[in-house]
Amino acid sequence: MTAIEIRNLVKSFGAVKAVDDVTFTVEAGSVTGYLGPNGAGKTTTLRSLLSLVTPDSGEALIHGRRYRDIEAPLAEVGAVLEATSFHPGRTAANHLRGLCIAGRLPVKRAEEALGQVGLADVAGKRVGGFSLGMRQRLALAGAILGRPRVFILDEPANGLDPAGIEWLRGFLRHLAHDQGAAVLVSSHVLSEVEQTVDDVVILARGKLVRQGALDEIVTGDDASVRVRTARAPELADALEAAGATVERVTEDTLRVRGLDSEAIGQLALDRRIVLTEVGQERSDLQKVFLELTEGR
Amino acid sequence: MTALVRAELHKLFTTRLWWIMMIVMILLIGISLGFAIGSAGVESNGLSTPARTSPEWLELAWSAGASGSIFVMILGVIMMTSEYRYQTVTGTFLATPRRTPVIAAKLVAGLIVGALFAVAALLFETVVAIPAVLISGGEVSLTASHIPQISLGILANLALNVLFGIGLGALVRNQIAGVVAAIVWSYAIEGIFSSFPALQPVGKWLPGGAARALMSIDIDTGLGRPDLLPAWAGALVLIAYAVLFAFVASATTVRRDIT
């Protein structure tokens, strides 16, 4: 069964359409990055999915039903929303114990979860003294309390230091690829998710602009090939004659569109031109993202 | 439902607020009792306050416990508004997405906490007021001083004031506004309507007036006998208010977007 399903979701706040007819799914065993600039509607989508916000129309379902209709939600869905959702005067362990009591989970899960996120040492400390990174870990501990199979994380890397981000990446991949969980993680900082996600859904001004496997989106439709040769002008003429668009990048390097690397290699072989380098140019996600979300 | 009430009590008892409020409440009741002990039997303008040995003195002194109502009301306001202030409401509704049971659990937890505060206030009164009577050579008669009825009135008053606070907190959501509103209500509005004889016909229908009716303090302290409802009517009015506050708390929370 599809883990997360968003179908024609629409939500307005006053005159502002925060989410405008968004549809996508997330399958078990994969990490999906939900990307978009600040204010694109990511958080509203995730909060609709968690029944914190009531959509105007459309559906946001987990395993085929609304969050508010799930009998034991903590055991099915783990969510991290913002890192500020703690009472500063309560200890980390007591915060989690309260969730265990309300969610009818064994109270000992609080200590176990703290250990899993590396906060066992500060279990008895008040959250008020925690750094942003520690709060993010505590929020993650709350998400794994009920050992759920679906994770919904809103900007979980905010406030984490580079080591924390590396740890988070490993943690999310472990959840999805080793434990078969479905992970939906939003971010506006693309480099954070690029090495973690399998699929991406890109949102801009409430509208879905692109979705698919990360590889497809990064490679793109008009992928270019970078070719290096000592006889660049000669090769350029030959490629143009064969119908490709050629751009001189440097003295000996060409960027070729319209032919794939195999066709270029064949052409060079026919002309007995030695190629010193041939490579598919991957536009990085950041660039794709800016192209897709700008001017909308 | 039991789990949700336990979760609400856990939330309250794992922060420092409750015992700070309880100490402040006991201090205020202590000051009232000290004043009652010091001013007993004093004559002024031809009228005299009851002597420490009289059953009326203990009756008046015992009613000091009702002054704890403002603290439990503030406690109720904070139980509700801190969920919004610290956004813990998100986690609360993620653990229990059906909101009506959450609000119901909060109200039940509020009643329990209010009752605990009332028990603390009554224990404190026992250890201060009764020795005061005995040292003065008086005799303590629980029935002559209406102690059981006043105690019940204090219990109901404090328990219901937590509900009032929770309802108020759900309505305004801003913690400071909620606490200020609770103080203004208790000291200014209730105070005006209960002190001025011309306003007492209205004041007796307010929560504070109904709570005093429940305690049936019917002693002339120099301002004339207060105009109060009969005890049973006071009880009914208080229950009606409790239902109203519960409804307000629920209606303002169940459909609201948590963003």
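In this numbering scheme, every chain counts its residues from 1 along its sequence in written order. Chains and ligands are labelled sequentially in the order written, the chains with letters from A and the ligands with numbers from 1. Given that the model is predicted, a residue must reach a pLDDT of at least 70 before its local features are reported, and side-chain atom pairs must reach 80 or more before they are shown or counted; all residues, however, enter totals for whole chains, interfaces and linings. Side-chain measures here rest on the full set of heavy atoms in the structure, leaving out hydrogens and waters.

(A) Just the overall build of chain A, in detail. Secondary structure elements follow DSSP: runs of H or I of four or more residues count as helices, runs of E of two or more count as strands, with numbering from the N terminus. What chain A contains, in helices and strands, is 10 helices and 13 strands. Under the scheme applied here, a residue whose accessible area is under 20% of the maximum for its type counts as buried, over 50% as exposed, and between as partly exposed, the area being computed with a 1.4 Å probe on protein chains only. Taking all 296 residues of chain A together, 52% fall into the buried category. We call two residues contacting when some pair of their heavy atoms lies within 4.5 Å. Counted over contacts in chain A with a minimum sequence separation of 6, partners at least 24 positions apart contribute 68%. Note on areas: Shrake-Rupley, 1.4 Å probe, and residue coverage restricted to the protein chains presented here. Of the roughly 13,100 Å² of accessible surface on chain A, a fraction of 48% belongs to carbon and sulfur atoms. A residue counts as positive if it is Lys or Arg and as negative if it is Asp or Glu; His and the chain ends are not included. To locate a charge, take NZ of a lysine, CZ of an arginine, CG of an aspartate or CD of a glutamate. Within chain A, one finds 35 positive and 40 negative side-chain charges whose respective centroids are separated by 8 Å.

(B) Expanded view of the pairing of strand β5 (residues 77-80) of chain A. Residue and element names in this part refer to chain A. Side chains V77 and A79 of β5 all project onto a buried face; the interleaved residues G78 and V80 project onto the opposite face, where all are buried too. When β5 meets strand β6 (residues 150-154), the two strands line up parallel, connected through four bridges. Looking across to β6, one finds that V77 is bridged to V150. Following DSSP output, two strands are said to pair if at least two bridges run between them.

(C) Broad picture of the packing of aromatic side chains. Residues and elements named next belong to chain B. The pairing test for Phe, Tyr and Trp rings, Trp by its six-membered ring, is centres within 6.5 Å, and the orientation test on the planes gives stacked under 30 degrees, edge-to-face over 60, and tilted for anything in between. A full pass over the atoms with the stated rule returns six aromatic pairs over all chains. Where F13 meets W18, the ring centres are 4.9 Å apart and the plane angle is 90°; that geometry is what we call edge-to-face. F13 gets classed as partly exposed once you look at its relative accessible area, which sits at 34%. Measuring from centroid to centroid gives 5.8 Å for Y241 and F245, while their planes differ by 25°, and the two rings are stacked. Taken as a pair, Y241 and F245 lie in helix α11 (residues 231-254) at a separation of four residues, close to a single helical turn. An identical accessibility class is assigned to Y241 and F245; each is buried.

(D) Looking closely at the domain arrangement of chain A. The split into domains, and so the bounds of each, comes from an automatic or database assignment of domains. Domain boundaries in chain A define domain 1 (4-219) and domain 2 (224-286). Taking only C-alpha atoms, the centre of domain 1 of chain A and the centre of domain 2 of chain A are 43 Å apart.

(E) Here's a closer look at the UniProt feature "transmembrane region" (unreviewed entry) in chain B. Residue and element names in this part refer to chain B. Taken from the UniProt record, the annotation "transmembrane region" (unreviewed entry) applies to residues 17-40, 60-82, 103-130, 150-172, 179-199 and 231-254. Secondary structure content for residues 60-82 is 74% helix and 0% strand, and the end C-alpha separation is 36 Å. The span residues 103-130 shows a helical share of 100% and a strand share of 0%, and its end C-alpha atoms are spaced 40 Å apart. UniProt positions are given in the numbering used here, feature names are shortened, and annotations may be inferred rather than shown by experiment.

(F) Just the pattern of salt bridges, in detail. All names here are of chain A. Think of a salt bridge as a Lys or Arg side-chain nitrogen and an Asp or Glu carboxyl oxygen that are within 4 Å of each other. Evaluated as defined, the whole model comprises 21 salt bridges over all chains. A salt bridge links R66 to D69; its shortest N-O distance comes to 3.0 Å. As a salt-bridge pair, D252 and R228 come within 3.3 Å of each other at their nearest N and O atoms. Separated by 24 residues along the polypeptide, D252 in the loop between β11 (245-250) and β12 (253-257) and R228 in strand β10 (residues 224-229) bring together distant segments of the chain. Given the relative accessible area of 36%, R228 is considered partly exposed.

(G) Structural context of the sheet that holds strand β7 (residues 182-187) of chain A. All names here are of chain A. An order of β5-β6-β7-β3-β8-β9 is seen for the six strands of this open sheet, with the pairing classed as mixed. This sheet does not close on itself; its edge strands, each paired only once, are β5 and β9 (207-213). For this sheet the average axis-to-axis angle between neighbouring strands, irrespective of direction, equals 15°. Think of each axis as a best-fit line through the C-alpha atoms, taken over the contacting stretch in the case of a helix, with angles from 0 to 180 degrees between the N-to-C directions. With respect to the sheet, helix α4 (residues 132-144) is in contact with β5 and β6, its orientation differing from that of β5 by roughly 165°.

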